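Listed here are the chains, written in short residue letters.
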Amino acid sequence: MKFQDSANFVGVAWTGNDDSFQAFIDEHGLTFPQISDDPGEVFNRFGVSYQPALVVVGTDGSTELVAGAVDSELLDQIISEAA
């Protein structure tokens, strides 16, 4: 993974069944950890009310919510700014 030395990623799925969750992971070739958040606890903790979204948690515990899908160029920028 490109950012393995500068960032940790965890995918969080909000709703759906286990089969659709696994199908999404397989379809997109996701290799980082994935968790199911059916109760919405993780989404609530970070103020996420929609998908897709990205939450960046800084080393100081600060958070930044990014709405919508993130392409590789934007991800590069976000991680560079967070470092």
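Residues numbered from 1 in each chain as written. Predicted model: local features only at pLDDT ≥ 70, side-chain atom pairs only at ≥ 80, totals over all residues. Heavy atoms only, no water.

**Section: the nonpolar core**
In step 1: If you look at the biggest cluster of nonpolar residues, it comprises 9 residues: Phe3, Ala7, Phe9, Leu54, Val56, Val66, Leu75, Ile78 and Ile79.
In step 2: Looking at this core, the elements with two or more residues in it are strand 3 (53-57) and helix 3 (72-82).
In step 3: With 3 residues, the single largest contributor to this core is helix 3. (Core = buried A, V, L, I, M, F, W, Y, C linked by side-chain atoms within 4.5 Å. Buried < 20%, exposed > 50% of the residue type's maximum accessible area, 1.4 Å probe, protein only. Helix = DSSP H or I, 4+ residues; strand = E, 2+ residues; numbered from the N terminus.)

**Observations regarding helix 1 (residues 18-28)**
In step 1: Its side-chain oxygen at 3.1 Å from the backbone nitrogen of aspartate 19, asparagine 17 defines the N-terminal cap of helix 1.
In step 2: Count one or two residues on from helix 1 and you reach glycine 29, which has phi positive near 60 degrees. (Polar contact = N/O pair within 3.5 Å; in protein donor to acceptor, adjacent residues only side chain to side chain.)

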